[in-house]
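Topology and contacts: notes
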Amino acid sequence: MSNLLMRYLCSIMDIQEDLSKAIQRAIADLYQQDMGEVTLQPTKKEFEGTYTFVTFPLTKTLRQAPAQIGQRIGAWLVDNSDLVSAFNVVQGFLNLSIADSAWLGLLGEMAGQPDYGAGDKRGQSVMVEFSSPNTNKPLHLGHLRNIFLGDSVSRILDFSGYDVTKTCIVNDRGVHICKSMLAYRMFGNDETPASSGLKGDHLIGKYYVLFDKAYKAQVAEMVVEGSTQEGAEKKAPLMQEVQQMLRLWEQGDPDTVALWQKLNNWVYAGFDTTYQSIGVSFDKTYYESNTYLLGKEVVEEGLDKGVFYRKEDSSVWIDLTDEGLDQKLVLRADGTSVYITQDLGTTDMKAADFHTDRQIWVVGNEQDYHFKVLFAILRRLGRPYANELYHLSYGMVDLPTGKMKSREGTVVDADDLIAETVAAAATAADEAAKGKLAAFSDTEKAELFHLLGMGALKYYLLKVDPQKRMQFNPAESVDLHGNTGPYIQYVHARIRSILRKAEETNLPDSPVATVVLDDVEQQLIFWLSQFPLRVSEAAQDLAPSYIAQYAYDLARTFNQFYDKLSILKEEDPKKLRTRLVLAKSVAETIKRAMGLLGISVPEQM
RNA sequence: GGUCCCGUAGCUCAGUUGGAUAGAGCAUCUGCCUUCUAAGCAGACGGUCAAGCGUUCGAAUCGCUUCGGGGUCACCA
């Protein structure tokens, strides 16, 4: 996939890039050798300097000891480059200090850019599919990881210059929803979200559970009467009724369809409420009731092309054993579809609807195999888009007590979790505020606590590498201290407070070119300068965790700066002005970075 | 069993294309508010990077083997 993603091109001055070129020139000048691209790394904090160039790899070609190479290049840079103010050599490591003038020039350019870090429009489009719930029960914690990931990846790609289409495929048909429908018909007494006071998705979830209870009781009874467990599960009258209902639905029976529509609409309203409270939306929602019959013509096409083959029982298969996969059924003997049939058709349809250059699915890693097969089939069918399909796979969310299991009732409901997180954030924040919120109205307070709670929750779920299974610890997820969303939000509020006091309307937008910088100021400018690179890496790897980590590093460095140096009480007006520019840039970059995670930042907290 | 993913401090996690003495947070302990928001800062404690072998100037990172955890290999979705 990465072949499509070009390296981010930074329009502003790039110290790292310029330094790397200067080193190439040094080597050319001193040794008459062309080393090609040279890479730099940040200097470890126990050493003096900002960037480190490793000279070990040059020893063979240049036939000189690593330390000596470092000495010569370092000296050359100090003499010939305005960027480098000093250097030191430790074995094969050449540590370079950057001149204040270079830092200040960089800060000035960054501060002057209204959309600093954004990528140029590249005329490429991406579709991101995420959330994709079933309509028989409410969203849960696992969905939240999925939704936050999909939403954040969409924002990152958009910010990086792609045209992004966010889609959601709702699984609104099938046995699962018929179970809720049947239970509602049996026990519902025309209950509605309004009459019950329940969100629509929770109401339907309640009937899904009721069905399961009644069904299990029925099965148990039949087992007592002598049936086998397996036989009872198939023959139980409730299951028979569900199957009959599904048939009626497929035949378009008006009563069944009306009931189905009524219940599903309640569920959608419930989902919408949840999406709204977490600040997530979609450009296009597909419904499986409209797509589940798709894919059969793809099967015909595959048979014609000889990609698929028919068995004696007339079921249709593909043999993927030479790719390390298996033989896979794509159409049952009775001519009905399986899951992958429908996905083949849906993928074609999405491509036809939006013509995006890429399609990304945010789906849990239990479907890794499914997507390997899906992509392999589409490649064999010769789809032009087949090499630009990507499964953004993520690991499950575990609780401290272990796996979430719906059977054992340990599934964490999304709405409950959001409410609890916001409530916990409110308690903790109220206490920590120590009177800072005295001027806030109740509404303003509620908004702030929601913002902090969502910041805590989103940051907690997004800071971890998606691929990894992660543990959700409720207590940690609402923490305001340390590597958390609220810690970063706090830094933003702190800076905004200072800027307000500094007569906001009259803030400078450029530093003074001649001031002497403190180490921590250099570090802060360094972190600011890393933002575009981090964004491009996050876009390339579809990794919101890079942005989360970055935002924390930036915020933490600001707190060190804040503790060490005063802004408003600085007596040297040049320094004061420079620090204001610096603080303002940090606040804006934090806001932007957190925005890429779908997290808002407060003006005051 | 085939195949894929994971294994880093007591716990939760970072660790950029192989680089220096492997980093944060939480927890525990110690300092710092008359001073721009202490929701903060600084410090201490804490490691056989699951184990072994190999590749190389150099490995948490790459390769192989073993052990441990999980997913998947449905005419479910």
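Here is what the cut-offs are and how they apply
Residues numbered from 1 in each chain as written. Chains lettered and ligands numbered in written order. Predicted model: local features only at pLDDT ≥ 70, side-chain atom pairs only at ≥ 80, totals over all residues. Heavy atoms only, no water. Helix = DSSP H or I, 4+ residues; strand = E, 2+ residues; numbered from the N terminus. Buried < 20%, exposed > 50% of the residue type's maximum accessible area, 1.4 Å probe, protein only. Contact = heavy atoms within 4.5 Å. Areas by Shrake-Rupley, 256 points an atom, 1.4 Å probe, with all protein chains shown as cover. Domains from an automatic or database assignment. Near = heavy atom within 4 Å. Polar contact = N/O pair within 3.5 Å; in protein donor to acceptor, adjacent residues only side chain to side chain. Pairing = 2+ DSSP bridges. Axes fitted to C-alpha atoms, helices over the stretch in contact; angles between N-to-C directions. Phe/Tyr/Trp six-rings, centres within 6.5 Å; stacked < 30°, edge-to-face > 60°. Lys NZ or Arg CZ within 6 Å of the ring centre and 35° of its normal. Expected span 1.5 Å × (residues − 1). Lys, Arg positive; Asp, Glu negative; His and termini not counted. Salt bridge = Lys/Arg side-chain N within 4 Å of Asp/Glu carboxyl O. Parallel < 35°, antiparallel > 145°, perpendicular 65-115°, else oblique. Left-handed = near helix turned anticlockwise from the far one by under 90°. Nonpolar A, V, L, I, M, F, W, Y, C, P; charged D, E, K, R; others polar. pLDDT = per-residue confidence, 0-100.

Moving on: the overall build of chain A. Secondary structure assignment for chain A yields 22 helices and 14 strands. In terms of principal-axis extent, the alpha carbons of chain A reach across some 90 × 65 × 40 Å. Residues counted as buried form 51% of the 605 residues belonging to chain A. Within chain A, contacts between residues at least 6 apart in sequence are counted, and of these 74% link residues at least 24 apart. Approximately 27,900 Å² of chain A is accessible, and the part contributed by carbon and sulfur atoms is 49%.

Looking now at the domain arrangement of chain A. We note that the domain assignment places domain 1 (15-98), domain 2 (174-279) and domain 3 (457-596) within chain A. The straight-line distance from the C-alpha centre of domain 1 to that of domain 2 is 69 Å.

Lining the immediate environment of RNA strand B, one finds 71 residues, of which F93, K434, Y487, R494 and Y562 sit closest. The sugar-phosphate share of atoms of RNA strand B within 4 Å of the protein amounts to 66%. Here Y339 contributes a backbone N or O atom positioned 3.3 Å from a phosphate oxygen of RNA strand B. Contributing elements (two or more residues each) for the surface near RNA strand B: β1 (41-42), β2 (51-54), β4 (93-98), α15 (368-380), α16 (414-433), β14 (470-471), α19 (485-501) and α21 (544-564).

Strand order in the open sheet formed by five strands is β7-β6-β5-β11-β12, and the pairing between neighbours is parallel. Two strands in the sheet have a free side with no partner beyond their single neighbour: β7 (284-287) and β12 (389-394). Neighbour to neighbour, the strand axes of the sheet diverge by 25° on average, direction disregarded. Across four bridges, strand β5 (residues 125-129) lies against strand β11 (residues 358-364) in parallel orientation. Bridge pairing in β11 places M127 opposite Q359. Across the face of the sheet, helix α5 (residues 141-159) comes into contact with β5, β6 (163-170), β11 and β12 while running at roughly 155° to β11. The strands touched by α15 within the sheet are β11 and β12, with β12 carrying the most contacts at an inclination of about 180°.

Before going further, it helps to examine the packing of aromatic side chains. In total, this model carries 23 aromatic pairs according to the counting rule given. On the numbers, 5.8 Å between centres and 50° between planes, the contact of F371 with F375 is tilted. Residue F371 and its partner F375 are located together in helix α15, separated by four residues, close to a single helical turn. Here a set of aromatic residues connected by ring pairs shows up, and it is made of Y51, Y116, F159, F526, W527, F531 and Y550. Directly above the ring of Y286 sits K284, whose terminal nitrogen or CZ lies 5.1 Å from the centroid.

Now for the pairing of strand β9 (residues 316-319). Examined bridge by bridge, strand β8 (residues 309-310) and β9 share two bridges and lie antiparallel to one another. Its bridge partner lying in β9, Y309 is registered against W317. In terms of strand pairing, β9 meets strand β10 (residues 327-331) through four bridges, oriented antiparallel. Along β10, the bridge assignment pairs W317 with L329.

Bringing helix α11 (residues 254-278) into the picture now. Along an α-helix, a turn takes 3.6 residues, which lines up residues three or four apart on a common side. Helix length check: α11, at 25 residues, gives a terminal C-alpha distance of 36 Å against a target of 36 Å (1.5 Å per residue), a fit within 8%. Trailing α11 by a residue or two, G279 shows a phi angle of about 70°, which is positive.

So, about the side chain of R534. With respect to the element layout, R534 can be found in helix α20 (residues 519-541). The buried charged residue R534 lacks any salt bridge, with E537 as its nearest oppositely charged partner at 4.2 Å. Residue contacts for R534: discarding those within four places in its chain leaves W527, I547 and Y550.

Spatial strand order, β8-β9-β10: three strands in an open sheet with antiparallel pairing. The open sheet is flanked by β8 and β10, the only strands paired with a single partner.

Relative to the helices and strands, H492 resides in helix α19. Assessed through its relative accessible area of 2%, H492 is described here as buried. Polar side-chain contacts of H492 include one of 2.8 Å to the backbone oxygen of P602. Setting aside residues no more than four positions away along its own chain, H492 makes contact with A587, I590, K591, V601, P602 and E603.

Attention now goes to the packing of α16 against helix α17 (residues 442-462). Orientation of α16 relative to α17, taken along the N-to-C sense of each, is 115°, at an axis distance of 8 Å. In terms of orientation, α16 and α17 fall into the roughly perpendicular class. With respect to the hand of their crossing, α16 and α17 are arranged in right-handed fashion. Of the residues in α17, those in contact with L417, I418, T421, V422, A425, A426, A429 and D430 of α16 are K445, F449, H450, L452, G453, M454 and L457. Taken together, the residues of the contact of α16 with α17 break down into ten nonpolar, three polar and two charged.

Taken as a whole and judged by the stated rule, the model has 23 salt bridges. Between D430 and K445 there is a salt bridge, with the nearest N and O atoms lying 3.7 Å from each other. One end of the pair, D430, is in helix α16; the other, K445, is in helix α17, with 15 residues separating them in the sequence. For D430, a relative accessible area of 40% puts it in the partly exposed group. The partner of E570 in a salt bridge is R579, and the shortest N-O contact between them spans 2.9 Å. Counted as one network, the salt bridges with shared partners bring together E301, K305, D348 and R383.

This paragraph deals with the confidence of the model for chain A. Mean pLDDT over chain A stands at 93; residues scoring 70 or higher make up 98%. With pLDDT under 50 throughout, residues 1-11 is counted as low confidence; its partners more than four residues away or in other chains account for 24 contacts.

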